[in-house]
Amino acid sequence: MSTLRIYNTTKVPLIFNEDDVLSKSKFLTPVAQKCTVIAVDEDVIDEFYPPEKRKSLDEECLREILKSYRNIEELEDMIENCEKDFEISSKFVAVGLFMCKPNYDKVEKLEEILNKNKIKYNSRDIWENVILICPERINGWANKLNVSQKIANLKVLFHEYAHAYLCNDRNNYLGTWYEKVVEEGLANYIVIEIFKNSRYKSHINKLILSQPVEYKTCYAYLHDNVLKILPPNFFYKHFERIKFLLRRYSMVLFPFLSVYHVHGEILSLWKNRYLFEPEEDFDELIKLIAISSLKEII
Ligand SMILES: [Zn+2]
């Protein structure tokens, strides 16, 4: 029985099928069922990838400043200077994209592409959560690293499903460098969870290690001593908030983690960041998590 929406509008045949996805999707299954996945050509994904997202932190620049900063305020200012545009960061091309509630123009464009390819789709609610993937680029990436093309395609797809999982109705990420660090790190962290017991784990790691530094912060959440990535006053400062989250959301938010795991708490804080009254404090917390996770992996 078909339960996922995956459409291919490219000439490149998809090398994974629905069973491949569903056999791995675990806690992401309900999310995957709500997403419409469209495989598109390079020019289409580039058109949809907004320029403000095409930024990446320069790893060498970060390494230098992490050696020399004197205090956290100084570090924050310096990190902003490490932001490089997509065009000059040759490592970073769009292979996948998650869009929460794309606007009318985008939907119209996608419908045009589906119609042109004579792909039948039936309702309007398929446009709530849209994922674009670019198989041509993904296969090229896999070849360059000598990893399985199928695994690379699934990695990209699950990374985008993870964005859908981390998203709530009131946000679609990512204005700042620190939001991007946390969001991309958590998305890849979820990918690692998905492939944890797979024999292709090493392929996943190869792919992640070739990504920009934001994406590699997933490894900070995996260390045994995950507490290290958090500032010492984290629990003291945020105890009330965490207590509330654990009580109210533990069953929903921790499908694969013990509630006592700190990375679970980070995930839940992130997912629920707009359920709280906006607080300056919270932005600071995200910044601290971002900096701490970068420090851990650089
Ligand atoms: Zn991403």
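Residues numbered from 1 in each chain as written. Predicted model: local features only at pLDDT ≥ 70, side-chain atom pairs only at ≥ 80, totals over all residues.

Visitor: Any chance you could explain the overall build of the protein here in plain terms?
Guide: Secondary structure assignment for the protein yields 15 helices and six strands. Per-residue burial over the protein gives 33% buried out of 298 residues. (Helix = DSSP H or I, 4+ residues; strand = E, 2+ residues; numbered from the N terminus. Buried ≥ 20, exposed ≤ 12 C-beta atoms within 10 Å, placed from the backbone.)

Visitor: Is there a simple way to explain unusual backbone geometry in this structure?
Guide: Peptide bonds are trans in most cases, and residues, glycine excluded, mostly fall at negative phi. Unusually for a residue other than glycine, K26 sits at a positive phi of about 40°. Among the structural elements, K26 can be located in the loop between α1 (18-22) and α2 (29-34). Phi is positive for K118, which is not a glycine, with a value near 55°. Along the chain, K118 falls in the loop between α6 (104-116) and β6 (129-133).

Visitor: Even after reading the chapter, I still don't get the confidence of the model for the protein, so can you show me in this structure?
Guide: Detail in the predicted coordinates should be disregarded across regions flagged by low pLDDT. Taken residue by residue, the protein gives an average pLDDT of 81. The fraction at 70 or more is 75%. The model gives residues 246-260 a pLDDT under 50, and that stretch makes 17 contacts with residues more than four places away or in other chains. (pLDDT = per-residue confidence, 0-100. Contact = placed C-beta atoms within 7 Å.)

Visitor: For this particular structure, what's the right way to read the sheet that holds strand β1 (residues 5-8)?
Guide: Pairing in this open sheet of four strands is mixed, and the strands run β1-β2-β6-β5 from one edge to the other. Among the strands making up the open sheet, the edge pair consists of β1 and β5 (96-100). Along the sheet, successive strands turn relative to each other by an average axial angle of 15°, direction set aside. Inspection of the sheet shows strand β2 (residues 35-39) paired to β6 by five bridges, in the parallel sense. The residue of β6 that forms the bridge with T36 is V130. (Pairing = 2+ DSSP bridges. Axes fitted to C-alpha atoms, helices over the stretch in contact; angles between N-to-C directions.)

Visitor: How should I be thinking about the nonpolar core in this particular structure?
Guide: One broad trend across soluble globular proteins is that nonpolar side chains are buried collectively. Counting 63 residues, the largest nonpolar core has I133 and Y161 as the members making the most contacts within it. The element that contributes the greatest number of residues to this core is helix α8 (residues 149-166), accounting for eleven residues. (Core = buried A, V, L, I, M, F, W, Y, C linked by C-beta atoms within 7 Å.)

Visitor: Mind showing me how you'd approach the environment of T3 here?
Guide: Mapping T3 onto the fold places it in the segment before β1. In the structure, T3 is positioned 15 residues away from E18 in sequence and 8.1 Å away in space, judged by C-alpha atoms.

Visitor: Would you take a moment to explain α8 for this structure?
Guide: Residues separated by three or four positions in an α-helix point in the same direction, a consequence of the helix having 3.6 residues per turn. Under the 1.5 Å per step criterion, the end-to-end length of α8 is 26 Å for 18 residues, consistent within 8% with the ideal 26 Å. Burial runs high along α8: 16 of the 18 residues are buried. (Expected span 1.5 Å × (residues − 1).)

Visitor: How should I be thinking about the environment of K120 in this particular structure?
Guide: Mapping K120 onto the fold places it in the loop between α6 and β6. Judged by the 7 C-beta atoms lying within 10 Å of it, K120 is exposed. Between the C-alpha atom of K120 and that of Y7, which follows or precedes it by 113 residues, the distance is 9.2 Å.

Visitor: How should I be thinking about the pairing of β2 in this particular structure?
Guide: Along any regular strand the residues' side chains alternate between the sheet's two faces. The element β2 is extensively covered by neighbouring structure, given that five of its five residues are classed as buried. Side-chain alternation along β2 places C35, V37 and A39 on one buried face and T36 and I38 on a second face that is also buried. In this sheet, β2 lies alongside β1 in parallel orientation, the contact comprising four bridges. Looking at the pairing, N8 lines up with A39 of β2.

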